[in-house]
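# A look at the structure
The lines below spell out each chain.
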Amino acid sequence: MGMFNWTEKSADVLRQGGVIAPDERLPWPQTAVMGVQHVIAMFGATVLAPILMGFDPNIAILMSGIGTLIFFVVTGGKVPSYLGSSFAFIGVVIAATAYGGKAPNANIGVALGGIIACGVAYTVIGAIVQAVGTAWVEKLMPPVVTGAVVAVIGLNLAGIPVKNMAASNFDSWMQAVTFVSVAVVAVFTRGMVQRLLILVGLVVASILYAVLTNGMGLGKPMDLSGIANAAWFGAPAFTGPVFDTNAMLLIAPVAIILVAENLGHIKAVTAMTGRNLDTYIGRAFIGDGVATIVSGASGGTGVTTYAENIGVMAATKIYSTAVFLFAAMLAVLLGFSPKFGAVIQAIPLPVMGGVSIVVFGLIAVAGAKIWVDNRVDFSQNKNLIVAAITLVLGTGDFTLKFGSGPQAFALGGIGTATFGAILLYALLNRGGEAPASRAS
């Protein structure tokens, strides 16, 4: 199959500061190690999203792997992307299921029906793009809009590590130690260690955490008992969907956000690799849509191309799709391993928080990079206003409610920012304008 014909590059290319393109790969051992890093990069968010919605995290991991394999096949192995749990579903799923938090979601079926409806809508959009091209999507979502939406996804998530992943002052300091560890690895190391900055930084910070807590009694000690007690292999508990019209109407519009995310991600990868991936945008939408349908049919969350993994690609300059094939197969195996889930749960929360700060920050900067690479002109008021309002709507989690009572529909920060950016740009792009006056 043509999709598997990667050109092998030696590790010397990386040492000389080179780039590994989507149709190239490193030797298989290094490709495998990079795949592990991508699994770790997606893991925190892919597990966190189902926990916030009362879904089974092991199914989410399994479906992220299966979804990535579906995406790989549909795009012909040409688009480097990992599919993980989408945060865009959290607000609408909680609204549709009246989920109270903590325990498993008793109403998960209706959410799954809605997620499947969203996947169908998304797939239809992809088929239209495949048939007529992306011009209409790009007119609705030019670089100023996609850059703002991608940036907002990182900024909207910023509160999770900062507010929810540090229970004490010691934890906050450990977050700082973690992101400094990642930064030091990123800047002062070379070769493969530098490429594995997230993984190496996480291991270094975890060891420091163990020394300070288990060794010196400064904070909550690392608990490794769960790893010993967990089974190596075990099937996750699959759940079937229930098709409820209200839930489907509530959740299906998330497809618009996924389109904006995916388009922004492909533009970001195009900018980073210098390879024009526009011809694969329709296929990418279809792949993501089908993966969301399959995930929803099994008890998993809706999936999206993951900015966390684009952040890793930006830091490593390795865009080989072979890495994602390996990462996907590893995630499928891990989905059937409670032991692996226990290892991840043993990583101290502040360390995961510190890594999340870096990764979510890299997403936000990827959005700004779309502006820079597309030379978005901020002397034009329409661009300035669209970007300014979008960033604050998303970062501040601006929410709009439609209707009242149990049928009320709430559109959260990423949703209002996405729709707001599209509608504002359409409104403000109707006529000419004089350049914005520059502050002196």
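The notes below deal with the structure included here. What you see is a predicted model; the values in this text were computed from it and never measured.

Definitions and cut-offs
- Residues numbered from 1 in each chain as written.
- Predicted model: local features only at pLDDT ≥ 70, side-chain atom pairs only at ≥ 80, totals over all residues.
- Heavy atoms only, no water.
- Patch = residues over 30% accessible without salt bridge, like charges linked within 9 Å, V, L, I, M, F, W, Y side chains within 5 Å.
- Areas by Shrake-Rupley, 256 points an atom, 1.4 Å probe, with all protein chains shown as cover.
- Salt bridge = Lys/Arg side-chain N within 4 Å of Asp/Glu carboxyl O.
- Helix = DSSP H or I, 4+ residues; strand = E, 2+ residues; numbered from the N terminus.
- Buried < 20%, exposed > 50% of the residue type's maximum accessible area, 1.4 Å probe, protein only.
- Polar contact = N/O pair within 3.5 Å; in protein donor to acceptor, adjacent residues only side chain to side chain.
- Contact = heavy atoms within 4.5 Å.
- Phe/Tyr/Trp six-rings, centres within 6.5 Å; stacked < 30°, edge-to-face > 60°.
- Axes fitted to C-alpha atoms, helices over the stretch in contact; angles between N-to-C directions.
- Parallel < 35°, antiparallel > 145°, perpendicular 65-115°, else oblique.
- Left-handed = near helix turned anticlockwise from the far one by under 90°.
- Expected span 1.5 Å × (residues − 1).

### Side note on a nonpolar patch on the surface
Residues Val120, Val124, Ile128, Val132, Trp136 and Leu140 make up a contiguous nonpolar surface patch of about 510 Å² in total accessible area. Elements represented by at least two residues in the nonpolar patch include exactly helix 5 (108-132) and helix 6 (135-140). Of the residues forming the nonpolar patch, the biggest block, four residues, is contributed by helix 5. Tracing the sequence through the fold places Val124 in helix 5. Accessibility expressed as a relative area gives 46% for Val124, which makes it partly exposed.

### Describing the side chain of Ser85
Relative to the helices and strands, Ser85 is located in strand 3 (residues 83-85). Within polar-contact distance, the side chain of Ser85 engages the backbone oxygen of Thr46 at 2.9 Å. Reaching out from Ser85, the side chain makes a polar contact with the side chain of Thr301 at a distance of 3.0 Å. When neighbours within four sequence positions are excluded, Ser85 is seen to be in contact with Ala45, Thr46, Ala49, Pro50, Ala60, Thr301, Gly302 and Tyr306.

### A few points about the packing of aromatic side chains
Per the counting criterion, the structure on display carries five aromatic pairs. On the numbers, 5.9 Å between centres and 50 degrees between planes, the contact of Phe170 with Tyr209 is tilted. Residue Phe170 is located in helix 9 (residues 169-188), and its partner Tyr209 is located in helix 11 (residues 197-215); the two are separated by 39 residues in the primary sequence. The pair formed by Phe170 and Tyr209 is uniform in burial state, with each residue classed as buried. Taken together, a centroid distance of 5.2 Å and an interplanar angle of 80 degrees make the contact between Trp371 and Phe378 edge-to-face. Phe378 gets classed as partly exposed once you look at its relative accessible area, which sits at 28%. Three or more aromatic residues link up through ring pairs in this structure, and these residues are Trp6, Trp28 and Phe72.

### Some words on the packing of helix 2 (residues 28-53) against helix 3 (residues 57-74)
It is at 8 Å that the axes of helix 2 and helix 3 come closest, and there the two elements cross at 130 degrees. Taken together, helix 2 and helix 3 sit at an angle that is classed as oblique. The handedness of the crossing between helix 2 and helix 3 comes out as right-handed. Listed contacts from helix 3 to Met42, Phe43, Thr46, Val47, Pro50 and Ile51 of helix 2 are Pro57, Ala60, Ile61 and Ser64.

### Observations concerning helix 21 (residues 413-428)
Across its 16 residues, helix 21 extends 21 Å between first and last C-alpha, which sits within 8% of the 22 Å expected from 1.5 Å per residue. The set of residues buried in helix 21 consists of Gly413, Ile414, Gly415, Thr416, Ala417, Thr418, Gly420, Ala421, Ile422, Leu424 and Tyr425.

In short, geometric facts, not functional conclusions.
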